Structures are given as structure tokens and as C-alpha cells.
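Observations on chain architecture
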Amino acid sequence: MFFQRTIYIFSLLLCNTSFSTPIMVCSAENFYGSVAEMIGGKFVKVTNILSNPDADPHLFSISPKIARAITNARVVIYNGADYDPWMIQFLAAQPSNNKLAVIDVAKLIGVKEGSNPHVWYNPQTFPVLAKFLAEKFSVIQPDNKSYFEDNLKSFNTRYRVVFSLIDNIKFNHPGTPVIATEPVFGYMSDALGFSMEEKEFQWVIMNGSEPSPKMKADFINKIKKKKVKILFYNNQVTDSTTKDILSLAKQNNIQIVGISETMPDNKNVIEWLTSELDEIENAMKDK
Ligand SMILES: [Zn+2]
């Protein structure tokens, strides 16, 4: 009797342990990790790889510490669309039998290889990922299904502010011509109904190459002739050309909105998008 009881208590303890063990999530980019945290809450432990808003994520390589984080993760999230090929290479090179889910966000939202890789600025991306994660986490920990579903509901409720800010800007400033040093904000600019100028130049900068003299001249003319309302400036992907453009835009009183490629540490994705959209709305008011 005593023996049976001991086994019973012991198995209860075992059950409890597995019940409260957090799902180890590793996200290549911190904004996707933020969504995982908002949905998984106390039942996930998230490690983010790209989390420094001062570093260029297009020029990244894996350290041993990061390799361990990816190896130990049960759920892996990465951007895809050739933004973080190091993750795919790393996963392909190691036996992945401990993985419960490997999520390519670009594929999840139907973006093809060769498209603009900055897919998180598509306003649909975070809600789609949030829903997918709520389903995945519910399969992994069925006992916590209603907890994940509640978190998804409150995520979607909070996210409404992002859609309403986008609708307001689109309604109040239709077709505004804008320009950018790098294509980071392309999807959001499209969602806002802006006309993004000189896209070819931006791709050259993203790929770390030198724009042709004609591309540069065309870009500079748009600023000097004040053909654009806003310059979206990516602080993480810069060179002497982008810095010259920044000072030229300042001289010509073009509104400058800084767009980061990596989320600042002190924000979640909703706060992050909200603050950038607020900044755009303010830039519209100034002139
Ligand atoms: Zn970029």
C-alpha cells in the first residue's frame, strides 16, 4: 500500500514537471520571438538571435552560444525569403529530431523567394504568426490550450490599433510619394497606400553594393526637387551613400522617419509598430 502510494505521488510529480516545463522557442528575429512570448506567456521560454537594433542583420553569422540556443529549441522561428539563410543552413547541418515545429514566416504568409525579405512589415504577418503559434503550442501542450487561445484573443484585440492607424494614414494621405534608403519598410509603405520611389536603388543598398551614378542622381533629384514627403532611413543598413542622402534630406526639409530592422528591446511588436506609425502620422502633420 505504502509502496503503491509512493509510486502514485512520484508519477504525479513527474506529470507536474512535464506540465510546467516551458516550450523552448528560438527565434532568429526578436519581433517573432515577441509574438511567441505574447501567445505562449508563462509556458514558453524564448531566445532571440537578432536583437540589436544597431547591427546590420543582413551581415550576420552564428556564434557557438547561438548554435546552442538553436540546438536546444523545440520550436524554431525564422524569417525566410533569403533574409536569414544561416538558420536554414544550420538546421540542415544538424539532426533535428528534437524539433516540434520549424516555422519559415515568409512561407507561412505566402511570400516567394526573391521577394522583399522584410515581411514583418506586412501588417498581416504578426496576426498570422500569432494564430499559427497558438495552434502549435496547443498541440504541444494540450492542457494549456485555452490559455494560448485567450492570449491569441487579447493579442488580436490589442493589434487592432495597428490596423486603425494604417487606415487613418491611408485615408488622410492617399498616394503620398515617399523614398527610402533600403527596402525595409516596403510592405508597410504599400499597406499605407504610399508611392515608394526609387526601389531599385534600395535593393542595391540592401545587398551591400554601390548604386550606379544614374541611380544616385535620380534618387538625389527626388530629394532636391522635393518630390517626396518622407525619407525612411534604416539606421542598421548604412554606408557613405546613405549618410550623404540623410544630410541632403535634412538640408531640403524632407521629413525623416527612422525605421529599424530589429525591434528595440523595451517594446513588444504592437508597441513597436504603433510607435513607428505614430511617427509617420506626425511627419505628415508637420508640413
Ligand atoms: Zn534590410
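Everything in this summary refers to the structure shown in the same document. Remember, predicted model here, so these are calculated numbers, not experimental data. Here, residues in each chain are numbered from 1, in the same order as that chain's written sequence. Local features in this predicted model are restricted to residues whose pLDDT is 70 or higher, and side-chain atom pairs enter the listing and the counts only when it is 80 or higher, whereas totals over whole chains, interfaces and linings include all residues. Calculated side-chain values reflect all of the structure's heavy atoms, with hydrogen atoms and water omitted.

**Focus: the coordination of the zinc ion**
Each metal's donors comprise the N, O and S atoms found within 2.8 Å of it (within 3.2 Å for Na, K or Ca). Water is not part of the atom list, so some coordination spheres may appear incomplete. Protein coordination at the zinc ion comes from His58 (NE2), His118 (NE2), Glu182 (OE), Glu261 (OE) and Glu261 (OE), with a distance range of 2.0 to 2.5 Å. Taken in chain order, the donor set of the zinc ion reads H-x59-H-x63-E-x78-E. Remark: Glu182 occurs in the loop between strand S5 (177-180) and helix H8 (186-191) and His58 occurs in the loop between strand S2 (44-50) and helix H3 (64-72); sequence separation between them is 124 residues. For Glu182, a relative accessible area of 1% corresponds to the buried category. Per the convention used, a helix needs a DSSP run of H or I reaching at least four residues, while a strand needs a run of E reaching at least two, with both numbered from the N terminus. Only protein chains enter the area calculation, which uses a 1.4 Å probe; residues under 20% of their type maximum are buried, those over 50% are exposed, and those in between are partly exposed.

**Points about the sheet that holds strand S6 (residues 195-197)**
Any two strands with at least two DSSP-identified bridges between them are counted as paired. Strands sit in the order S6-S5-S7-S8 across an open sheet of four strands; the sheet is parallel. The open sheet has two edge strands with one neighbour each: S6 and strand S8 (255-259). Sheet twist, expressed as the mean angle between neighbouring strand axes with direction ignored, is 30°. Residues count as neighbours in contact if any of their non-hydrogen atoms are within 4.5 Å of one another. Note on method: axes are straight lines fitted to C-alpha atoms, helices fitted across the in-contact stretch only, with angles between N-to-C directions ranging 0 to 180 degrees. Its contacts with the sheet put helix H11 (residues 240-251) on strand S7 (230-234) and S8, and the angle it makes with S7 is roughly 150°.

**Some details on the pairing of S2**
Pairing of strand S1 (residues 23-29) with S2 involves six bridges; the strand directions are parallel. The residue of S2 that forms the bridge with Val25 is Val46. Orient the strands so they point away from the viewer, and a crossover whose first-strand-to-second-strand path over the helix runs clockwise is right-handed. Read as a crossover between parallel neighbours, the route from S1 over helix H2 (residues 30-40) to S2 is right-handed.

**Remarks on the nonpolar core**
Within soluble globular proteins, side chains that are nonpolar generally end up buried alongside one another. Judged by nonpolar contacts, the single largest core of 75 residues is most densely connected at Ile77, Phe126, Phe137, Phe155, Phe232 and Ile280. The split into domains, and so the bounds of each, comes from an automatic or database assignment of domains. Here this core spans two domains, and each of domain 1 (2-162) and domain 2 (166-286) adds at least three residues to it. With sequence-adjacent residues up to four places away left out, Ile280 is seen in contact with Ile169, Phe185, Leu192, Phe194, Ile230, Phe232 and Val257. Take the buried residues of types Ala, Val, Leu, Ile, Met, Phe, Trp, Tyr and Cys, join any two whose side-chain atoms come within 4.5 Å, and each joined set is a nonpolar core. If you look at the next biggest cluster of nonpolar residues, it comprises 16 residues, including Ile179, Phe201, Ile205 and Val237.

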